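Residues per chain, in single letters:
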Amino acid sequence: GAGVSQSPSNKVTEKGKDVELRCDPISGHTALYWYRQSLGQGLEFLIYFQGNSAPDKSGLPSDRFSAERTGGSVSTLTIQRTQQEDSAVYLCASSLSQDYNEQFFGPGTRLTVL
Amino acid sequence: AQTVTQSQPEMSVQEAETVTLSCTYDTSESNYYLFWYKQPPSRQMILVIRQEAYKQQNATENRFSVNFQKAAKSFSLKISDSQLGDTAMYFCAFIVKTSYDKVIFGPGTSLSVIP
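Counting starts from 1 at the beginning of each chain's written sequence and moves along it residue by residue. In the order they appear in the text, chains get letters beginning with A and ligands get numbers beginning with 1. For a predicted model such as this one, the threshold for reporting local features is a pLDDT of at least 70, and the threshold for listing and counting side-chain atom pairs is 80 or more; totals across whole chains, interfaces and linings nevertheless cover every residue. For side-chain calculations, the full set of non-hydrogen atoms in the structure is used, while hydrogens and water are omitted.

Chemist: Help me understand the overall build of chain B, please; the structure alone is not making it clear to me.
Modeler: Only DSSP runs of H or I covering at least 4 residues are called helices, and only runs of E covering at least 2 are called strands; the numbering of each starts at the N terminus. The secondary structure content of chain B amounts to zero helices and twelve strands. Helices (α) and strands (β) of chain B occur, in sequence order from the N terminus, as β-β-β-β-β-β-β-β-β-β-β-β. Taken over the C-alpha atoms alone, chain B extends approximately 45 × 30 × 20 Å along its principal axes. Within chain B, buried positions represent 48% of all 115 residues. Residue pairs in contact within chain B that sit at least 24 positions apart in sequence constitute 55% of those at least 6 positions apart. Positive charges come from Lys and Arg, negative ones from Asp and Glu, while His and the chain ends are left out of the count. Charge positions come from single atoms, namely NZ of Lys, CZ of Arg, CG of Asp or CD of Glu. In chain B, 10 positive and 10 negative side-chain charges are present, and the distance between their average locations comes to 7 Å. Whether a residue is buried, partly exposed or exposed follows from its accessible area with a 1.4 Å probe, protein chains only, as a fraction of its type maximum: under 20%, in between, or over 50%, in that order. We call two residues in contact when some of their heavy atoms are within 4.5 Å.

Chemist: Hey, could you run me through the interface of chain A and chain B in this one?
Modeler: For interface size, the figure often reported is the accessible area lost on association. With 26 residues of chain A at the interface, the matching set in chain B holds 20 residues. Here the quantity called buried area is the total loss of accessible area, with a 1.4 Å probe, experienced by two parts when brought into contact, counted for both. Buried surface at the junction of chain A and chain B, both sides included, amounts to about 1,900 Å², of which 48% is carbon and sulfur. Only one rule defines a salt bridge in this text: a Lys or Arg side-chain nitrogen within 4 Å of an Asp or Glu carboxyl oxygen. The interface formed by chain A and chain B contains zero salt bridges. Contacts described as polar in this section are N or O atom pairs within 3.5 Å, which, within protein, must combine one atom able to donate a hydrogen with one able to accept it, while residues neighboring in sequence count only if both atoms come from side chains. Summed over the shared surface of chain A and chain B, the result is five residue pairs in polar contact (both at pLDDT 80 or more). For the side of chain A that touches chain B, the secondary-structure elements that each account for two or more residues are β4 (31-37), β5 (44-50), β6 (53-56), β9 (88-95) and β11 (109-113) of chain A.

Chemist: Looking at this structure, I do not really get the pattern of salt bridges. What am I missing?
Modeler: A side chain of one charge can pair with a side chain of the opposite charge when the charged atoms of the two come close. Residue and element names in this part refer to chain B. Summed over the entire model, instances satisfying the criterion amount to seven salt bridges over all chains. Put simply, Arg50 and Glu52 hold a salt bridge, and the shortest N to O gap is 2.9 Å. Between Arg63 and Asp86 there is a salt bridge; the shortest N-O distance is 2.9 Å. In this pair, Arg63 sits in the loop between β7 (60-61) and β8 (64-69) while Asp86 sits in the loop between β9 (74-79) and β10 (88-97), placing the two residues 23 residues apart along the sequence. A residue is classified by how much of its surface remains accessible, and Asp86, at 3% relative accessible area, is buried. One connected set of salt bridges, linked through shared partners, spans Arg50, Glu52 and Lys55.

Chemist: Help me out: how do you make sense of the sheet that holds strand β1 (residues 5-7) of chain A in this one?
Modeler: Whenever strands of a sheet pair, they do so through backbone hydrogen bonds, lying parallel or antiparallel. Residues and elements named next belong to chain A. Pairing between strands requires that DSSP locate at least two bridges from one strand to the other. Strand order in the open sheet made by the four strands is β1-β3-β8-β7, with antiparallel pairing throughout. Edge positions in the open sheet fall to β1 and β7 (65-69), since each of these has one partner strand only. Direction aside, neighbouring strands of the sheet carry axes that sit 15 degrees apart on average. Relative to strand β8 (residues 75-79), β7 runs antiparallel, the two sharing five bridges. Within β8, the position partnered with Ser66 by the bridge is Thr78. To get an axis, a line is fitted to the C-alpha atoms, and for a helix only the part in contact is used. The angle between two axes follows their N-to-C directions and goes from 0 to 180 degrees.

Chemist: Sorry, what's going on with the nonpolar core here?
Modeler: Taken as a class, soluble globular proteins show a tendency for nonpolar side chains to be buried jointly. Residues and elements named next belong to chain B. To form a nonpolar core, buried Ala, Val, Leu, Ile, Met, Phe, Trp, Tyr and Cys residues must be joined to one another through side-chain atoms within 4.5 Å. The biggest cluster of nonpolar side chains holds 27 residues, and the ones touching the most others in it are Tyr25, Tyr32, Trp36, Phe75, Leu77, Tyr90 and Phe94. Among the elements that line this core, the one with the most residues is β10, at five residues. Those residues within four positions of Phe75 in sequence are excluded, and the remaining contacts are Cys23, Tyr25, Leu34, Phe35, Trp36, Gln51, Val66, Asn67, Phe68 and Cys92.

Set out below in C-alpha coordinates:
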(Lines give C-alpha, C1' and ligand atoms only; values in the text may rest on other atoms or scores of the structure.)
Protein backbone atom coordinates (compact mmCIF):
# COMPACT_ATOMS: atom_id res chain seq x y z
CA GLY A 1 0.00 0.00 0.00
CA ALA A 2 0.95 3.62 -0.33
CA GLY A 3 0.80 4.53 3.35
CA VAL A 4 1.26 3.15 6.84
CA SER A 5 -1.46 0.70 7.76
CA GLN A 6 -2.53 -0.49 11.17
CA SER A 7 -4.80 -3.30 12.26
CA PRO A 8 -7.25 -3.65 13.75
CA SER A 9 -8.72 -0.17 13.46
CA ASN A 10 -10.75 -0.76 16.60
CA LYS A 11 -10.29 -3.30 19.38
CA VAL A 12 -12.53 -3.85 22.38
CA THR A 13 -11.23 -6.22 25.01
CA GLU A 14 -11.87 -7.22 28.58
CA LYS A 15 -9.60 -6.24 31.42
CA GLY A 16 -6.88 -8.83 31.92
CA LYS A 17 -6.78 -10.04 28.31
CA ASP A 18 -3.75 -9.72 26.06
CA VAL A 19 -3.95 -7.71 22.82
CA GLU A 20 -1.69 -7.47 19.80
CA LEU A 21 -1.64 -4.42 17.56
CA ARG A 22 -0.05 -4.51 14.14
CA CYS A 23 1.71 -1.87 12.06
CA ASP A 24 2.74 -2.18 8.41
CA PRO A 25 5.13 0.66 7.59
CA ILE A 26 5.73 2.13 4.16
CA SER A 27 7.92 -0.21 2.16
CA GLY A 28 11.58 0.73 2.50
CA HIS A 29 11.15 2.80 5.65
CA THR A 30 13.75 1.71 8.17
CA ALA A 31 12.56 3.71 11.17
CA LEU A 32 9.30 2.86 12.96
CA TYR A 33 7.67 4.54 15.95
CA TRP A 34 4.81 3.65 18.28
CA TYR A 35 2.84 6.33 20.15
CA ARG A 36 -0.13 6.34 22.49
CA GLN A 37 -2.74 9.07 22.38
CA SER A 38 -5.27 9.19 25.20
CA LEU A 39 -8.57 10.97 24.66
CA GLY A 40 -7.98 14.66 23.99
CA GLN A 41 -4.28 14.37 24.77
CA GLY A 42 -1.05 14.70 22.87
CA LEU A 43 1.17 11.90 21.69
CA GLU A 44 3.07 9.81 24.20
CA PHE A 45 6.18 8.21 22.68
CA LEU A 46 6.38 4.47 23.39
CA ILE A 47 9.18 2.89 21.37
CA TYR A 48 11.34 3.43 18.31
CA PHE A 49 12.81 0.85 15.94
CA GLN A 50 15.71 1.35 13.60
CA GLY A 51 15.56 -1.76 11.44
CA ASN A 52 14.73 -4.61 13.79
CA SER A 53 16.42 -3.15 16.85
CA ALA A 54 14.84 -0.84 19.38
CA PRO A 55 17.44 1.64 20.67
CA ASP A 56 14.86 3.56 22.68
CA LYS A 57 12.32 1.66 24.76
CA SER A 58 12.14 4.36 27.38
CA GLY A 59 8.52 5.24 26.67
CA LEU A 60 6.99 1.84 27.37
CA PRO A 61 4.77 2.47 30.40
CA SER A 62 5.22 -0.89 32.09
CA ASP A 63 6.57 -4.38 31.57
CA ARG A 64 3.11 -5.38 30.30
CA PHE A 65 4.02 -3.58 27.07
CA SER A 66 6.37 -5.07 24.52
CA ALA A 67 7.05 -4.61 20.84
CA GLU A 68 8.93 -6.38 18.15
CA ARG A 69 9.78 -5.85 14.54
CA THR A 70 10.79 -8.57 12.16
CA GLY A 71 12.37 -8.40 8.74
CA GLY A 72 12.73 -4.65 9.10
CA SER A 73 9.07 -4.32 8.21
CA VAL A 74 5.97 -5.27 10.21
CA SER A 75 5.85 -4.41 13.88
CA THR A 76 3.57 -5.67 16.62
CA LEU A 77 2.83 -3.97 19.92
CA THR A 78 1.64 -6.39 22.58
CA ILE A 79 -0.12 -5.39 25.77
CA GLN A 80 -0.46 -8.16 28.32
CA ARG A 81 -3.09 -8.26 31.07
CA THR A 82 -4.75 -5.11 29.77
CA GLN A 83 -6.00 -2.49 32.22
CA GLN A 84 -8.67 0.17 31.71
CA GLU A 85 -5.99 2.87 31.68
CA ASP A 86 -4.54 1.24 28.55
CA SER A 87 -7.57 2.50 26.61
CA ALA A 88 -6.28 4.91 23.99
CA VAL A 89 -5.49 5.29 20.31
CA TYR A 90 -2.19 3.64 19.42
CA LEU A 91 -0.47 5.32 16.49
CA CYS A 92 2.35 3.94 14.40
CA ALA A 93 4.62 6.02 12.18
CA SER A 94 7.49 5.24 9.85
CA SER A 95 10.23 7.29 8.24
CA LEU A 96 12.66 6.60 5.43
CA SER A 97 15.79 6.63 7.57
CA GLN A 98 17.40 8.23 10.55
CA ASP A 99 18.56 11.08 8.38
CA TYR A 100 15.20 11.87 6.81
CA ASN A 101 12.91 12.57 9.65
CA GLU A 102 9.45 13.13 8.25
CA GLN A 103 7.23 10.60 9.93
CA PHE A 104 4.28 9.16 8.06
CA PHE A 105 1.51 8.12 10.40
CA GLY A 106 -0.97 5.31 10.20
CA PRO A 107 -4.66 5.77 11.04
CA GLY A 108 -4.23 4.28 14.50
CA THR A 109 -5.86 1.51 16.49
CA ARG A 110 -8.49 2.55 19.02
CA LEU A 111 -8.21 0.22 22.01
CA THR A 112 -11.01 0.05 24.55
CA VAL A 113 -10.52 -2.01 27.68
CA LEU A 114 -13.77 -2.75 29.48
CA ALA B 1 14.79 17.10 30.26
CA GLN B 2 13.62 17.73 26.73
CA THR B 3 10.16 19.22 26.50
CA VAL B 4 7.75 20.93 24.13
CA THR B 5 5.23 23.48 25.35
CA GLN B 6 2.17 24.69 23.50
CA SER B 7 0.62 27.33 25.70
CA GLN B 8 -2.66 27.66 23.78
CA PRO B 9 -4.88 24.61 24.34
CA GLU B 10 -7.63 26.06 22.11
CA MET B 11 -7.80 28.78 19.49
CA SER B 12 -10.30 30.01 16.95
CA VAL B 13 -9.99 32.14 13.83
CA GLN B 14 -12.38 33.56 11.28
CA GLU B 15 -12.22 32.07 7.82
CA ALA B 16 -9.71 33.92 5.59
CA GLU B 17 -7.95 35.47 8.59
CA THR B 18 -4.45 34.73 9.87
CA VAL B 19 -3.65 32.86 13.08
CA THR B 20 -0.40 32.06 14.87
CA LEU B 21 0.10 29.01 17.07
CA SER B 22 2.91 29.16 19.58
CA CYS B 23 5.44 26.50 20.50
CA THR B 24 8.49 26.59 22.72
CA TYR B 25 10.88 23.76 23.38
CA ASP B 26 13.81 22.93 25.58
CA THR B 27 16.85 20.90 24.66
CA SER B 28 20.57 21.10 25.22
CA GLU B 29 21.27 19.37 21.93
CA SER B 30 22.35 21.38 18.92
CA ASN B 31 21.29 19.04 16.15
CA TYR B 32 17.55 18.65 15.84
CA TYR B 33 14.56 19.04 13.55
CA LEU B 34 11.27 20.76 14.28
CA PHE B 35 7.85 19.85 12.94
CA TRP B 36 4.24 20.91 12.97
CA TYR B 37 1.72 18.13 12.52
CA LYS B 38 -2.02 18.47 11.94
CA GLN B 39 -4.57 15.95 13.20
CA PRO B 40 -8.10 16.54 11.85
CA PRO B 41 -11.13 14.77 13.33
CA SER B 42 -10.40 11.83 11.02
CA ARG B 43 -7.45 11.10 13.36
CA GLN B 44 -4.92 10.91 10.51
CA MET B 45 -1.74 12.76 11.49
CA ILE B 46 -0.36 14.86 8.63
CA LEU B 47 2.93 16.74 8.41
CA VAL B 48 2.36 20.46 7.89
CA ILE B 49 5.87 21.86 7.86
CA ARG B 50 9.44 20.93 8.78
CA GLN B 51 12.44 23.02 9.86
CA GLU B 52 16.07 22.01 10.28
CA ALA B 53 17.58 23.69 13.33
CA TYR B 54 20.78 24.53 11.50
CA LYS B 55 18.91 26.56 8.90
CA GLN B 56 18.21 30.18 9.75
CA GLN B 57 15.68 30.69 6.99
CA ASN B 58 12.12 30.10 8.11
CA ALA B 59 10.32 27.26 6.33
CA THR B 60 7.25 28.01 4.23
CA GLU B 61 4.66 25.71 2.70
CA ASN B 62 1.94 27.56 0.80
CA ARG B 63 -0.30 29.20 3.45
CA PHE B 64 1.80 27.82 6.31
CA SER B 65 4.98 29.41 7.58
CA VAL B 66 7.05 29.29 10.74
CA ASN B 67 8.87 31.83 12.84
CA PHE B 68 11.91 29.96 14.14
CA GLN B 69 13.82 31.75 16.87
CA LYS B 70 16.60 29.34 17.83
CA ALA B 71 18.06 31.39 20.67
CA ALA B 72 14.63 31.76 22.24
CA LYS B 73 13.77 28.11 21.43
CA SER B 74 10.56 29.22 19.83
CA PHE B 75 8.87 27.71 16.77
CA SER B 76 5.51 29.30 16.00
CA LEU B 77 3.23 28.37 13.10
CA LYS B 78 1.41 31.01 11.08
CA ILE B 79 -1.60 30.01 9.01
CA SER B 80 -2.65 32.63 6.45
CA ASP B 81 -6.03 32.81 4.71
CA SER B 82 -7.47 30.22 7.12
CA GLN B 83 -9.81 27.68 5.58
CA LEU B 84 -12.48 25.48 7.14
CA GLY B 85 -10.33 22.44 6.39
CA ASP B 86 -7.66 23.82 8.71
CA THR B 87 -9.82 22.92 11.70
CA ALA B 88 -7.75 20.34 13.57
CA MET B 89 -5.41 19.65 16.45
CA TYR B 90 -1.94 20.99 15.77
CA PHE B 91 1.09 19.38 17.38
CA CYS B 92 4.55 20.84 17.60
CA ALA B 93 7.34 18.26 17.77
CA PHE B 94 11.08 17.92 17.55
CA ILE B 95 13.49 15.11 16.87
CA VAL B 96 16.87 15.27 18.54
CA LYS B 97 19.68 13.68 16.60
CA THR B 98 21.81 11.68 18.98
CA SER B 99 22.88 8.09 18.46
CA TYR B 100 19.22 7.51 17.72
CA ASP B 101 16.17 9.66 17.12
CA LYS B 102 14.53 11.01 20.26
CA VAL B 103 11.06 12.30 19.48
CA ILE B 104 9.10 14.71 21.65
CA PHE B 105 5.60 16.02 20.91
CA GLY B 106 3.83 18.96 22.50
CA PRO B 107 0.34 18.64 24.04
CA GLY B 108 -1.39 20.18 21.02
CA THR B 109 -3.51 23.21 20.16
CA SER B 110 -7.08 22.73 19.01
CA LEU B 111 -7.80 25.19 16.20
CA SER B 112 -11.31 25.96 15.02
CA VAL B 113 -11.89 27.94 11.83
CA ILE B 114 -15.20 29.78 11.99
CA PRO B 115 -17.16 30.46 8.81
